[in-house]
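# Descriptive structure summary
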Amino acid sequence: MTWQVFVRGAAESDLEKLSDAGQAALAAEMFTWVEQGPPRRTECDVLGVRMFDDDVLGGLGVTYVVDDEHERILVVRIRKAPSA
């Protein structure tokens, strides 16, 4: 199975705000999603849209939408995790 991961909208500017090392670490984390799919640890509903809001790398939170039929992941926000 091969998933596609897209970073769009606000998530693009969120990604640009990270240090080079932070961007590289996040890219490495999301690369595992290509083969395994996203972690889907914390489900949330945003205006009727099923999203996931997971902490990754012990310091970043990623909000994303999953399209199982087409094996696509749309990252919509990247931020410092509340627990960080």
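Above this text sits the structure in question.
Here we summarise the structure given alongside this text. (Residues numbered from 1 in each chain as written. Predicted model: local features only at pLDDT ≥ 70, side-chain atom pairs only at ≥ 80, totals over all residues. Heavy atoms only, no water.)

## Remarks on the overall build of the chain
Along the chain, the regular secondary structure elements total two helices and five strands. When the elements of the chain are put in sequence order from the N terminus, they spell out β-α-α-β-β-β-β. Computed over C-alpha atoms, the radius of gyration of the chain comes to 12 Å, within 12% of the 12 Å expected from 2.2 N^0.38 for 84 residues, which places it in the range of a compact globule. With respect to the three principal axes, the spread of C-alpha positions in the chain is 35 × 30 × 20 Å. Buried positions account for 31% of the 84 residues belonging to the chain. For the chain, the proportion of contacts with a sequence separation of at least 24, taken over those separated by at least 6, is 52%. For the chain, the accessible area works out to roughly 5,200 Å², and carbon and sulfur atoms hold 53% of it. Of the charged side chains in the chain, 9 are positive and 15 negative; the average position of the first set lies 4 Å away from that of the second. (Helix = DSSP H or I, 4+ residues; strand = E, 2+ residues; numbered from the N terminus. Rg over C-alpha atoms; globule rule 2.2 N^0.38 Å. Buried < 20%, exposed > 50% of the residue type's maximum accessible area, 1.4 Å probe, protein only. Contact = heavy atoms within 4.5 Å. Areas by Shrake-Rupley, 256 points an atom, 1.4 Å probe, with all protein chains shown as cover. Lys, Arg positive; Asp, Glu negative; His and termini not counted. Charge placed at Lys NZ, Arg CZ, Asp CG, Glu CD.)

## Quick look at helix H2 (residues 20-36)
Residue pairs spaced three or four apart in an α-helix point in one direction, given the helix's 3.6 residues per turn. The first and last C-alpha atoms of H2 sit 25 Å apart over 17 residues, in line with the 24 Å expected at 1.5 Å per residue. Looking at the buried residues of H2, the elements they touch are strand E1 (4-7), helix H1 (10-17), strand E3 (49-56), strand E4 (60-67) and strand E5 (72-80). At the C-terminal side of H2, Gly37 shows a positive phi close to 85°. (Expected span 1.5 Å × (residues − 1).)

## A few points about the pairing of E3
Consecutive side chains along a regular strand alternate between the two faces of the sheet. Of the strand pairs in this sheet, strand E2 (residues 43-46) and E3 are connected by four bridges, and their pairing is antiparallel. Counterpart to Cys44 in the pairing with E3 is Met51. Joining the antiparallel neighbours E2 and E3 is a turn of two residues, in which Leu47 adopts a positive phi near 50°. Looking at chain direction, E3 and E4 are connected through five bridges and run antiparallel. When the sheet's bridge partners are listed, Asp53 is paired in E4 with Thr63. (Pairing = 2+ DSSP bridges.)

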